[in-house]
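Secondary and tertiary structure notes
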Amino acid sequence: MAVAQVPRNFKLLAELEKGEKGMGAGACSYGLEDPEDIFMTHWRGTIWGPPHGNHENRIYELKMECGDNYPQEPPTIHFVSQINLPGVSTVDGEVDPNAVAILRDWTKISAELSTNPRSKEDLLSLETALISIRRYMEENKKLPQPPEGSKYPMYD
C-alpha cells in the first residue's frame, strides 16, 4: 500500500523553518540562497570542520540544489570552499553522490519510506545530507587541505 507523499514545497518549508530557527545539528547550518526563491531550489549550507584533523577550526561553505523531484531524489551538492576529499570534484567542488552513503542510497530510502514511513524521523533532508558529508570528512580527516578560505574559481 502506497503512502501519500508530502509535497515538495511543504517538505522544503519545514526544512527552511528548522534551518532558520537553528533547531538542527550544531555542526551544520543551512538556508535559502535567495529569500525570494519561491521554488526553494537554491540553498547554502555550512559545515564546521570535524575536530582532531586537518578540518578542525575550518568553516566550509556549500551550495545545494533541490531539483523538481526532491525529496524523492537527492539534492545536488557543491563545496564552495575548496576541499581535498575523495569524491569531491577538484574542478567545481561537486560532491559525487556515490561517495556519501546518504546521497548514494537516497532514492532507495525514499522508495522504502513511500511504503513504510517513519513518522518522527526525517531520514532524507538537507540537514541529514550535510551531517553525512561532515561524517565523511571525519573519515578523511588526515588528508592535507588547501589553504583556509580558498574557494573554487567559479565562486571567487
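Each value, and the rule that gives it
Residues numbered from 1 in each chain as written. Predicted model: local features only at pLDDT ≥ 70, side-chain atom pairs only at ≥ 80, totals over all residues. Heavy atoms only, no water. Core = buried A, V, L, I, M, F, W, Y, C linked by side-chain atoms within 4.5 Å. Buried < 20%, exposed > 50% of the residue type's maximum accessible area, 1.4 Å probe, protein only. Helix = DSSP H or I, 4+ residues; strand = E, 2+ residues; numbered from the N terminus. Contact = heavy atoms within 4.5 Å. Polar contact = N/O pair within 3.5 Å; in protein donor to acceptor, adjacent residues only side chain to side chain. pLDDT = per-residue confidence, 0-100. Pairing = 2+ DSSP bridges. Axes fitted to C-alpha atoms, helices over the stretch in contact; angles between N-to-C directions.

**Some points on the nonpolar core**
- Judged by nonpolar contacts, the single largest core of 32 residues is most densely connected at Trp 43, Phe 79 and Ile 133.
- No other element matches helix 3 (residues 126-139), which puts six residues into this core.
- Beyond its immediate stretch of four places on either side in the chain, Ile 133 contacts Ile 47, Leu 62, Ile 77, Phe 79, Val 95 and Val 100.

**Remarks on the side chain of Glu 15**
- Assignment of secondary structure puts Glu 15 in helix 1 (residues 8-20).
- Judged by its relative accessible area of 3%, Glu 15 falls in the buried class.
- At 2.5 Å, the side chain of Glu 15 and the side chain of Tyr 70 are in polar contact.
- Residue contacts for Glu 15: discarding those within four places in its chain leaves Tyr 30, Trp 43, Tyr 70, Leu 124, Ser 125, Leu 126 and Glu 127.

**Comments concerning the confidence of the model for the protein chain**
- Per-chain confidence: the protein chain averages 90 in pLDDT, with 90% of residues scoring 70 or above.
- In the model of the protein chain, helix 1 stands out as the element of lowest mean pLDDT, 89, in contrast to strand 4 (residues 76-79), which has the highest, 98.

**Some thoughts on the sheet that holds strand 4**
- Strands sit in the order 1-2-3-4 across an open sheet of four strands; the sheet is antiparallel. Looking along the sheet, the strands with just one partner apiece sit at the ends: strand 1 (28-32) and strand 4. Across the sheet, the mean angle from the axis of one strand to that of its neighbour is 25 degrees, orientation sign disregarded.
- Pairing between strand 3 (residues 59-65) and strand 4: four bridges, direction antiparallel. Among the inter-strand pairings, Leu 62 is bridged to a residue of strand 4, identified as Phe 79.

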